[in-house]
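# Working through the structure, step by step
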Amino acid sequence: MTDQAYNFAYLDEQTKRMIRRAILKGVAVPGYQVPFASREMPMPYGWGTGGVQVTAACLVPEDRLKVIDQGADDTTNAVSIRKFFQRTAGVEVTEATAEATVIQTRHRIPETALSEGQILVYQVPIPEPLRFLEPRETETRKMHELEEYGLMHVKLYEDIARHGEIATSYAYPVKVEGRYVMDPSPIPKFDNPKLGGNAAIQLFGAGREQRIYAVPPYTQVVSLDFDDHPFVASKAPHDCDLCGASESYLDEVITDDQGSRMYVCSDTDFCATRQEAGHHGRLGVPQFSSKKIAKSLEGFCAAEGVTE
Amino acid sequence: MTINPQTPMGLAPEALFGGFAEAPVQSARAFRALLEAMARPGTIWQVEGAAPPAPLSIAAGVAILTLCDGTTPLHLAGAADCLAVRDWVTFHAGAPLCAAQGAMFAVGTWAELMPVDQFRIGDPDYPDRAATLIVEMPALAPTGPRLTGPGIRETVHLSLPETAAFRANRALFPLGFDTLLCSGDQIAGLPRSTHVEDL
């Protein structure tokens, strides 16, 4: 049910046209950060205002929206953005990656492979990959113009000099179609290989920094590295303790003050789906995932939620 | 206060019709088609909701209604530069009409848009400041020149008006104009990033 006090998907039409033009230019020049007139949103900067504006400009009433925060569907940020669009756009929502048509994400790419027809919208805090190396916008703009990315390689080299390997583990810089160096938002570098050749359209929105950029489907995206120190998509060397998955990205959870810890999939939908299919990890007993509990309660609180 | 005699003193009543009936939802659906078209060059999409005056196609009308407003100078080329279209664009989009050199959007047939090097291709530090050409085509078909590049898994084919201009445009990358090809209610995209080859 849409809240009639708002325009469809919250933003006014003039704003959406401006964002849509920026998105199309971003798609035409993959990896280039298009400036746009970011609006104040009813949530603070840092809560995904860029992603929310991009999602609002893309949504149609027939969409099914999924929102994740570091892979999880059930965290505050994800829940509040999902409710925001349920209320202002009246779209259906889902937690299942394969069923979603638009997925807004904070800092993860879902484990389940995306398909054509899906749009992945990233919330980006600092869109400029060179910003921590060169604080002046005039300079970084010139560096992109001249394709002068030596400084980024120096940074990666200094990693190797200090740590013996490229220690950058998230927001790992990539080069798009051999032209622009791009910050893939702070996704773990484990997710970097999924950026290139993806069937879905990937859109990046940075609200505070007022930039939109894009990676069209089947686009070449290469993580920067050196011949003798090739890029490695690393993850914790464990299996998921809940679902036993060996190939998914893991969160480390401290379970007591004796140093005990467990590793669980960061992608809650992926983990819950595997558990429902009968997979179990080290912690043996089938766990009741939050998704399962929510489903069992569906009958009791179906009328709640959107109508409040 | 004197009235500028250049100011059009009134719109033809026909100009008031043919816009979106339900702009938020119709423009959202139209944009999704434009996004898919631009992100997957060579694919052909159907759009609906606009009924612009001749010679504009439905698709060109939808593109104008979805993307143009008072902040986007629009160039009407050739036959599109007629009173009916000027009035319709002014009433429904409010886009200022301008010469080719200053246009963010331009609409016309490929021949009318010539020479294409008169359009903005962006600046080296701001390549997004480039024109989008809305090209009226007699028909769109998945045949003809071969397209490769971002958004295309292997290769696709699209009936382009020519190839030399698009090859020259690709050579300017990351500068260059972007193109939307329209025929009836069909639309396809050709961003500057696409490589075009004759068969």
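Since this is a predicted model, take the numbers as computed values, not measurements. (Residues numbered from 1 in each chain as written. Chains lettered and ligands numbered in written order. Predicted model: local features only at pLDDT ≥ 70, side-chain atom pairs only at ≥ 80, totals over all residues. Heavy atoms only, no water.)

On the side of chain B, 42 residues touch chain A, which itself brings 43 residues to the contact. Buried surface at the junction of chain A and chain B, both sides included, amounts to about 3,400 Å², of which 62% is carbon and sulfur. In terms of surface lost to chain B, no three residues of chain A exceed Arg21(A), Leu24(A) and Lys25(A), which account for 19% of the buried area on that side. Residue Asp63(A) pairs with Arg32(B) through a salt bridge whose shortest N-O separation is 2.6 Å. Sorting the residues of the side of chain A that touches chain B by element identifies α1 (13-28), β1 (34-35), α2 (49-58), α4 (137-145) and β8 (201-206) of chain A as the ones contributing at least two each. Counting residues per element, the side of chain A that touches chain B draws most heavily on α1(A), which supplies 11 residues. Partitioned by chemical class, the residues of the side of chain A that touches chain B number 25 nonpolar, 5 polar and 13 charged. (Contact = heavy atoms within 4.5 Å. Buried area = accessible area lost by both parts, 1.4 Å probe. Salt bridge = Lys/Arg side-chain N within 4 Å of Asp/Glu carboxyl O. Helix = DSSP H or I, 4+ residues; strand = E, 2+ residues; numbered from the N terminus. Nonpolar A, V, L, I, M, F, W, Y, C, P; charged D, E, K, R; others polar.)

Bringing the sheet that holds strand β6 (residues 174-176) of chain A into the picture now. Residues and elements named next belong to chain A. Pairing is antiparallel in the open sheet, where 3 strands are placed in the order β7-β6-β10. Strands with a single pairing partner mark the edges of an open sheet, and in this sheet they are β7 (180-182) and β10 (221-223). The sheet shows a mean angle of 30° between the axes of neighbouring strands, direction not considered. Relative to β10, β6 is paired through 3 bridges, and the arrangement is antiparallel. (Pairing = 2+ DSSP bridges. Axes fitted to C-alpha atoms, helices over the stretch in contact; angles between N-to-C directions.)

Here we come to the confidence of the model for chain A. Across chain A, the average pLDDT comes to 91, with 91% of residues at 70 or higher. Confidence drops under a pLDDT of 50 for residues 301-308 of chain A, and excluding neighbours within four residues, the segment shows 5 contacts in the predicted structure. (pLDDT = per-residue confidence, 0-100.)

What follows concerns the nonpolar core. Counting residues in hydrophobic clusters, the biggest one holds 85 residues, and the most contacted among them are Ile23(A), Phe85(A), Leu203(A) and Leu35(B). The biggest single contributor to this core is helix α1 (residues 23-39) of chain B, with 9 residues. Core analysis: the next-biggest nonpolar cluster, separate from the first, contains 23 residues, Ala77(B), Trp110(B), Leu113(B) and Leu160(B) among them. (Core = buried A, V, L, I, M, F, W, Y, C linked by side-chain atoms within 4.5 Å. Buried < 20%, exposed > 50% of the residue type's maximum accessible area, 1.4 Å probe, protein only.)

This next bit is on the environment of Trp88(B). With respect to the helices and strands, the residue Trp88(B) is situated in helix α3 (residues 83-92). Residues contacting Trp88(B), with those up to four places away along its chain left out, are Ala15(B), Phe17(B), Gly18(B), Gly19(B), Ala51(B), Pro52(B), Pro53(B), Leu56(B), Gly61(B), Leu65(B) and Ala93(B).

Here the focus is a nonpolar patch on the surface. Together, Leu11(B), Leu16(B), Phe17(B) and Phe91(B) line one region of the surface with nonpolar side chains, adding up to about 400 Å² of accessible area. With respect to the helices and strands, Phe17(B) occurs in the segment before α1. (Patch = residues over 30% accessible without salt bridge, like charges linked within 9 Å, V, L, I, M, F, W, Y side chains within 5 Å. Areas by Shrake-Rupley, 256 points an atom, 1.4 Å probe, with all protein chains shown as cover.)

All names here are of chain A. The terminal C-alpha atoms of α1 lie 22 Å apart, and with 16 residues this matches the ideal 22 Å at 1.5 Å per residue to within 8%. Here α1 lies mainly inside the structure; 15 of its 16 residues are buried. The backbone nitrogen of Gln 14 lies 3.3 Å from a side-chain oxygen of the residue at the head of α1, namely Asp 12. (Expected span 1.5 Å × (residues − 1). Polar contact = N/O pair within 3.5 Å; in protein donor to acceptor, adjacent residues only side chain to side chain.)

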